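Geometric and topological summary
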Amino acid sequence: MSFLIDGYNLMYAVGTPPPPNGTPAALDAARTRFLSWIADSPPVKADPAAVRVVFDAQNSKRDHGTSTHRGVTVTYSFRQTADDLIEALISVHPHPERLTVVSNDGRLKEFARRNGCRHLSCTGFVDWLIAGPKANPSDSPADDKPKTDWPDEFDTLMKAFG
């Protein structure tokens, strides 16, 4: 299984967003810490080449291309959004059913589903990172809100305030 990760989306979800109005060096340092965190997790250490993190760089003055960080592939989307590049990578992949897209973005989730990919929310991916390399990555509930029994709750409220 290979992972396509919406980089900044996951950075924000885990509480490590890039510094607002930071210098290029500060942004680079934040990405490096984030990539090290991913690369050092036991499941990724077992197969770092199976992970590609895509960062949005559509407004960059130059193409930063693709590189690796501790075996993890890092790609910057030049003149397009990270979402656009992830969709393009899915579209040209010979076996999209072997891909898992990691993002909380609804557009990417739907595109992945329509193209036969698995999808993990950022929470589901982090849970997998914590669980270890033998764990089967599975998504957390699509809605992280607590479940309520609406009909009963609604009837109770209607009786009280009716």
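Let me sum up the structure you'll find in this document.

About the criteria used
- Within every chain, residues take consecutive numbers counted from 1 along the sequence as written.
- At least 70 in pLDDT is required for a residue's local features to be given in this predicted model, at least 80 for side-chain atom pairs to be given and counted, and no such filter applies to totals for whole chains, interfaces and linings, which use all residues.
- Excluding hydrogens and water, the side-chain values take into account all heavy atoms of the structure.
- Starting at the N terminus, helices and strands are each numbered in turn, a helix being any DSSP run of H or I of at least four residues and a strand any DSSP run of E of at least two.
- Under the scheme applied here, a residue whose accessible area is under 20% of the maximum for its type counts as buried, over 50% as exposed, and between as partly exposed, the area being computed with a 1.4 Å probe on protein chains only.
- The criterion for an aromatic pair is that two Phe, Tyr or Trp rings (for Trp, the six-membered ring) have centres within 6.5 Å, with stacked assigned to planes under 30 degrees apart, edge-to-face to planes over 60 apart and tilted to the rest.
- Any Lys NZ or Arg CZ found within 6 Å of a ring centre and within 35 degrees of that ring's normal is scored as a charge over the ring.
- By definition here, a salt bridge exists when the distance from a side-chain nitrogen of Lys or Arg to a carboxyl oxygen of Asp or Glu is within 4 Å.
- What makes a nonpolar core is a set of buried Ala, Val, Leu, Ile, Met, Phe, Trp, Tyr and Cys residues whose side-chain atoms join them at distances within 4.5 Å.
- Working rule for contacts: check all heavy atoms of both residues, and any pair within 4.5 Å makes them a contact.

**Some remarks on the overall build of the protein chain**
Assigned secondary structure in the protein chain consists of seven helices and six strands. Ordered by position in the sequence, the α and β elements of the protein chain form the string β-α-α-α-β-β-β-α-β-α-β-α-α. Counting the 162 residues in the protein chain, one finds 38% classified as buried.

**Side note on helix α6 (residues 122-131)**
When α6 is considered as a whole, its buried residues turn out to be Cys-122, Gly-124, Phe-125, Val-126, Trp-128 and Leu-129. Directly after α6, the chain includes Gly-132, whose backbone phi takes a positive value near 110 degrees.

**Concerning the packing of aromatic side chains**
Across all of its chains, the model carries seven aromatic pairs by this definition. On the basis of an interplanar angle of 35 degrees and a centroid distance of 4.8 Å, the ring pair of Phe-3 and Trp-128 is categorised as tilted. Taken as a pair, Phe-3 in strand β1 (residues 2-6) and Trp-128 in helix α6 lie far apart in primary sequence, 125 residues in all. Residue classification places Phe-3 among the buried residues on the basis of a relative accessible area of 5%. Every member of this aromatic cluster is reached through a ring pair, and the members are Tyr-8, Phe-34, Trp-37, Phe-55 and Tyr-76. Between the NZ or CZ atom of Arg-31 and the centre of the ring of Phe-55, over which it lies, the distance is 5.8 Å.

**Things to note about unusual backbone geometry**
Even without glycine at this site, Arg-70 takes up a positive phi of about 50 degrees. One can find Arg-70 in the loop between β3 (66-69) and β4 (72-78). The residue Arg-79 is not glycine, and still its phi comes out positive at about 60 degrees. Note on placement: Arg-79 falls in the loop between β4 and α4 (82-92).

**What to know about the environment of Ala-29**
Mapped onto the elements, Ala-29 comes out in helix α2 (residues 24-39). Sequence separation between Ala-29 and Pro-18 is eleven residues, and the spatial gap between their C-alpha atoms is 8.8 Å.

**Brief notes about the pattern of salt bridges**
Enumeration according to the criterion identifies six salt bridges in this entry. Asp-28 is the salt-bridge partner of Arg-31, the closest N and O atoms lying 3.8 Å from each other. Separated by three residues within a single helix, Arg-31 and Asp-28 lie in helix α2, roughly one turn from each other. Between Glu-87 and Arg-107 there is a salt bridge, with the nearest N and O atoms lying 2.8 Å from each other. In this pair, Glu-87 is assigned in helix α4 and Arg-107 in helix α5 (residues 106-114), connecting sequence segments 20 residues apart.

**What to know about the nonpolar core**
If you look at soluble globular proteins, the nonpolar side chains tend to sit buried side by side. The biggest cluster of nonpolar side chains holds 25 residues, and the ones touching the most others in it are Val-53, Phe-55 and Phe-125. Those elements that provide at least two residues to this core are β1, α1 (7-13), α2, β2 (51-57), β4 and α6. Every residue in contact with Phe-125, bar those within four places of it in the chain, is listed here: Phe-3, Ile-5, Leu-10, Val-102 and Leu-120. Formed by twelve residues, the second largest nonpolar core is a distinct cluster that contains Val-54, Ala-82, Leu-99 and Cys-117.

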